[in-house]
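Okay, here's what each chain looks like letter by letter:
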Amino acid sequence: MRDYVTWFFALLGTFLVLYILLPLAVIIGKQLLDWEMIINVLHDDIVLEALRNSLLTSTATMLISLLFGVPLGYILARKDFVGKSFVQAVVDVPIVIPHSVVGIMLLVTFSNKILDSYLGIIMAMLFVSAPFTINAARDGFLAVDEKLEHVARTLGAGRLKAFLTISLPIAMPSILSGAIMTWARAISEVGAILIVAYYPKTAQVLVMEYFNNYGLRASRPISVILVLLSLSIFVVLRWIVGRSRNA
């Protein structure tokens with residue numbers, strides 16, 4: 001007997017897959033027909049510096065998010081305390097705030113200290129992307145049986161050692177998945193960065209500038225390069241997480 005429900009669900013899901021895939025295929029396909037523009041762009045120092053800025057700031061954002069987000073995720077998973085629901089709500093707030101508003105909030109709060117600087121770019125990226133690390137870490141630690149930590153402690157391990165040797169390794173695949181999403185969200189951020197730090201220029205901002213000043217055709221090569229670069233790194237990171245999960 002055929003499983004019509006599975007086929008129906010697969011059909012519905014295919015719509016979204018094709019909807020995401022179609023624009024990617026079209027923009028890459030059109031740019032391949034205009035290969036010389038990509039070559040010219042790859043020899044443009046401004047574009048190369050913008051790509052480097054995007055990669056450096058998004059990676060720095062991911063590392064900072066891991067440093068502060070993993071401990072917070074552990075606390076949210078393991079402890080009940082007054083105001084826990086409020087803390088969880090605060091963690092999710094950046095997801096619902098328009099990103100142009102995020103830029104204004106940061107600029108009002110920190111003023112010229114972050115204006116047109118790498119610090120400003122990273123702070124904007126961190127605000128909008130940190131929830132992915134925190135929530136993924138929390139869910140990862142929730143999936144770890146707390147009894148395993150108790151057993152480790154009865155065998156002489158301290159709380160920190162039990163965390164490092166038991167909870168963290170088991171939750172690591174979820175944490176890494178959250179880190180990947182944090183990196184991806186950071187490198188895709190535009191709205192907050194445009195307000196906080198137009199300079200030093202990131203690739204995301206440069207695409208907007210080329211589009212506004214020179215039109216669609218001029219912005220397309222940078223867009224394709226950014227898509228291919230981000231997609232390649234994303235696939236590699238996902239492959240690493242998959243191997244760690246299988247292990």
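As named in an unreviewed UniProt entry, the protein chain is Molybdate/tungstate transport system permease protein WtpB, taken from Thermococcus litoralis. Quoted verbatim from the Function (unreviewed entry) field of the UniProt record, the comment on the protein chain reads "Part of the ABC transporter complex WtpABC involved in molybdate/tungstate import. Probably responsible for the translocation of the substrate across the membrane." What the UniProt record of the protein chain gives under Subcellular location (unreviewed entry) is the line "Cell membrane".

Moving on: the UniProt feature "domain: ABC transmembrane type-1" (unreviewed entry) in the protein chain. According to UniProt, the positions carrying the feature "domain: ABC transmembrane type-1" (unreviewed entry) are residues 51-237. Between the end C-alpha atoms of residues 51-237 the distance is 19 Å, and the span holds 83% helix and 0% strand.

Further remarks concern the nonpolar core. Judged by nonpolar contacts, the single largest core of 14 residues is most densely connected at V102, L106, I121, A124, M125, I193 and V196. Listed by contribution, the elements that provide at least two residues to this core are α5 (99-110), α6 (118-142) and α9 (191-196). Those residues within four positions of A124 in sequence are excluded, and the remaining contacts are L106, A192 and I193. Grouped together as the second largest cluster of nonpolar side chains are 13 residues, A50, L206, V207 and V224 included.

Once that is clear, we can look at α5. Its 12 residues give α5 an end-to-end C-alpha distance of 16 Å, which sits within 8% of 16 Å, the value for a rise of 1.5 Å per residue. Among all positions of α5, only V102, G103 and L106 are buried. Here the buried residues of α5 occupy an arc of 100 degrees about the axis, which is enough to place them on one side. The first or second residue beyond α5 is S111, which carries a positive phi of 50 degrees.

Turning our attention to the domain arrangement of the protein chain. Its domain assignment divides the protein chain into domain 1 (1-33) and domain 2 (45-245). With centres defined by C-alpha atoms, the gap from domain 1 to domain 2 works out at 28 Å. Domain 1 puts 5 residues into the contact, and the matching count from domain 2 is 6 residues. Interface area, domain 1 with domain 2, both sides summed: about 540 Å², of which 78% is carbon and sulfur. Linking domain 1 to domain 2 there are 0 salt bridges. Along the contact surface separating domain 1 from domain 2 lie 1 residue pair in polar contact (both at pLDDT 80 or more). Split by residue class, the side of domain 1 that touches domain 2 holds 3 nonpolar, 1 polar and 1 charged.

Here is what the cut-offs are and how they apply
- Residues numbered from 1 in each chain as written.
- Predicted model: local features only at pLDDT ≥ 70, side-chain atom pairs only at ≥ 80, totals over all residues.
- Heavy atoms only, no water.
- UniProt positions renumbered as here; feature names shortened; annotations may be inferred.
- Helix = DSSP H or I, 4+ residues; strand = E, 2+ residues; numbered from the N terminus.
- Core = buried A, V, L, I, M, F, W, Y, C linked by side-chain atoms within 4.5 Å.
- Buried < 20%, exposed > 50% of the residue type's maximum accessible area, 1.4 Å probe, protein only.
- Contact = heavy atoms within 4.5 Å.
- Expected span 1.5 Å × (residues − 1).
- Arc of directions from axis to C-beta.
- Domains from an automatic or database assignment.
- Buried area = accessible area lost by both parts, 1.4 Å probe.
- Salt bridge = Lys/Arg side-chain N within 4 Å of Asp/Glu carboxyl O.
- Polar contact = N/O pair within 3.5 Å; in protein donor to acceptor, adjacent residues only side chain to side chain.
- Nonpolar A, V, L, I, M, F, W, Y, C, P; charged D, E, K, R; others polar.

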